[in-house]
Amino acid sequence: MKKLLIATAVAMTFSMTAQAANENTAQLKVIGTLTNDACTPEMTGGGTVDFGTHYVDTLSATDTNQLGKKDLTLTINCQSPTKVGWTIQDNTVGEAASITIVNPGWNEGDDVWTSDGRFGVGKTAGGVNIGAYAVTLNQNGATADGKAASLVQGNKSGEQVVWSHFNAGSDYDNVTNDGASAITLTTDTGDYLPTAFTTGVFPMRVGLAVQKTSTLAITDNTPIVGLATITLRYL
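Keep in mind it's a predicted model, so treat the numbers as computed, not measured.

1. Overview of the pairing of strand β11 (residues 160–165)
Then, number 1: In terms of strand pairing, strand β10 (residues 150–157) meets β11 through six bridges, oriented antiparallel. Within β11, the residue paired with Gly-154 across the bridge is Trp-163.

Encoded structure:
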């Protein structure tokens, strides 16, 4: 899989220099970049998920506080049918609290508690990790060009990419935070190979939890800020 930049340019420059009394030359310079970047990702709300304001005195001092979940959609639009996937990587490495996010997705009872499933939301003024969120996908809601599609993921095995059903072998619907797995769509029953599409729709749900207030020990307004990068991968 290659990550390609959006850049195409061709330029020519001519310069006239005197080589001899009655002789002129012209120099030609040609530059350019080949690209396969024909797709654009879009997210509802510009990719911002706002959980609003929560008053500390309404939160638990003894238990992890579950602040709910919000829905959004990732849509990938391509100029022509393209095999493309995406990865997501947490930009706040080391800032996810070691807590459990209860049922952040569509599958009841699928709590997220492992380090590779938690994304950070910053630290308090005292350096305490505030909490964590999980990103989940609706495995029954994805579409490719308006048709129902299955989620698949590709992982490197040596120099090869091995494709499988999204989170094969489990009912979990959360994505990992390390940018290692490429997620895309297939419309072929029983086939895990990616499908080329013009418009791919990936319904998402984000669940957020913060630590007990006795651990946070905050006295001032404290922002909750999580940031992750979604990168397109051409397949």
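2. Quick notes on the environment of Asn-167
Then, number 1: Within the fold, Asn-167 resides in the loop between β11 and β12 (182–186).
Then, number 2: Counting along the chain gives 14 residues from Asn-167 to Gln-153, while the straight-line C-alpha distance between them is 7.7 Å.

3. Let's talk about the confidence of the model for the chain
Then, number 1: Per-residue pLDDT for the chain averages 86, and the proportion of residues at 70 or more is 85%.
Then, number 2: The element-level mean pLDDT for the chain is lowest in strand β1 (residues 16–20), coming to 49, with strand β8 (residues 143–144) highest at 97.
Then, number 3: In the model, residues 1–18 has pLDDT below 50 throughout and makes 47 contacts with residues more than four positions away in sequence or in other chains.

4. Some details on the side chain of Arg-118
Then, number 1: Mapping Arg-118 onto the fold places it in the loop between β5 (84–90) and β6 (119–120).
Then, number 2: At 3.3 Å, the side chain of Arg-118 forms a polar contact with the backbone oxygen of Ala-97.
Then, number 3: Arg-118 has contacts with Asp-90, Ala-96, Ala-97, Ser-98, Ile-99, Ile-101, Val-112, Trp-113, Ala-132, Tyr-133 and Asn-177, leaving out every residue within four places of it along the chain.

5. Notes on the nonpolar core
Then, number 1: Judged by nonpolar contacts, the single largest core of 34 residues is most densely connected at Ile-76, Trp-86, Leu-137, Val-175 and Phe-202.
Then, number 2: At the level of elements, β4 (65–82), β5, β7 (131–137), β12, β13 (197–210) and β14 (228–234) are the ones that each hand at least two residues to this core.
Then, number 3: A per-element tally of this core places β13 first, with six residues.
Then, number 4: Ala-97, Ile-101, Ala-132 and Ala-209 belong to the second-largest nonpolar core, a separate cluster that totals seven residues.

6. Quick notes on the pairing of β13
A regular strand carries its side chains on alternate faces of the sheet.
Then, number 1: Most of β13 is tucked away, with 11 of its 14 residues classed as buried.
Then, number 2: In this structure, β4 lies alongside β13, joined through 12 bridges in antiparallel fashion. From the neighbouring strand, Asp-71 faces β13, where its bridge partner is Arg-205.
Then, number 3: With seven bridges connecting them, β7 and β13 associate as antiparallel partners. The residue of β13 that forms the bridge with Leu-137 is Met-204.
Then, number 4: Strand direction decides the pairing type here: β8 and β13, joined by two bridges, are antiparallel. Following the sheet pairing, Thr-143 is matched in β13 by Val-201.

7. As for the packing of aromatic side chains
Then, number 1: One pass over the full model with this rule turns up two aromatic pairs.
Then, number 2: Taken together, a centroid distance of 5.8 Å and an interplanar angle of 85° make the contact between Trp-86 and Phe-202 edge-to-face. On the criterion of sequence distance, the pair formed by Trp-86 in strand β5 and Phe-202 in strand β13 is long-range, its members being 116 residues apart.
Then, number 3: Overall, the relative accessible area of 0% leaves Phe-202 in the buried class.
Then, number 4: Both rings, one in Phe-119 and one in Tyr-133, keep their centres 5.1 Å apart while their planes meet at 25°; by these two values the pair is stacked. Residue Phe-119 is located in strand β6, and its partner Tyr-133 is located in strand β7; the two are separated by 14 residues in the primary sequence.
Then, number 5: If you follow Lys-70 out to its NZ or CZ, it ends over the ring of Phe-51, 6.0 Å from the centre.
Then, number 6: Positioned over the ring face of Trp-106 is Arg-205, at 4.1 Å from the centre of the ring.

8. A few points about the pattern of salt bridges
Then, number 1: Using the criterion set out here, one finds one salt bridge in the structure.
Then, number 2: Between Arg-205 and Asp-71 there is a salt bridge, with its nearest N and O atoms 2.6 Å apart. With Arg-205 in strand β13 and Asp-71 in strand β4, this pair connects stretches of sequence that are 134 residues apart.

Analysis parameters
- Residues numbered from 1 in each chain as written.
- Predicted model: local features only at pLDDT ≥ 70, side-chain atom pairs only at ≥ 80, totals over all residues.
- Heavy atoms only, no water.
- Pairing = 2+ DSSP bridges.
- Helix = DSSP H or I, 4+ residues; strand = E, 2+ residues; numbered from the N terminus.
- pLDDT = per-residue confidence, 0-100.
- Contact = heavy atoms within 4.5 Å.
- Polar contact = N/O pair within 3.5 Å; in protein donor to acceptor, adjacent residues only side chain to side chain.
- Core = buried A, V, L, I, M, F, W, Y, C linked by side-chain atoms within 4.5 Å.
- Buried < 20%, exposed > 50% of the residue type's maximum accessible area, 1.4 Å probe, protein only.
- Phe/Tyr/Trp six-rings, centres within 6.5 Å; stacked < 30°, edge-to-face > 60°.
- Lys NZ or Arg CZ within 6 Å of the ring centre and 35° of its normal.
- Salt bridge = Lys/Arg side-chain N within 4 Å of Asp/Glu carboxyl O.

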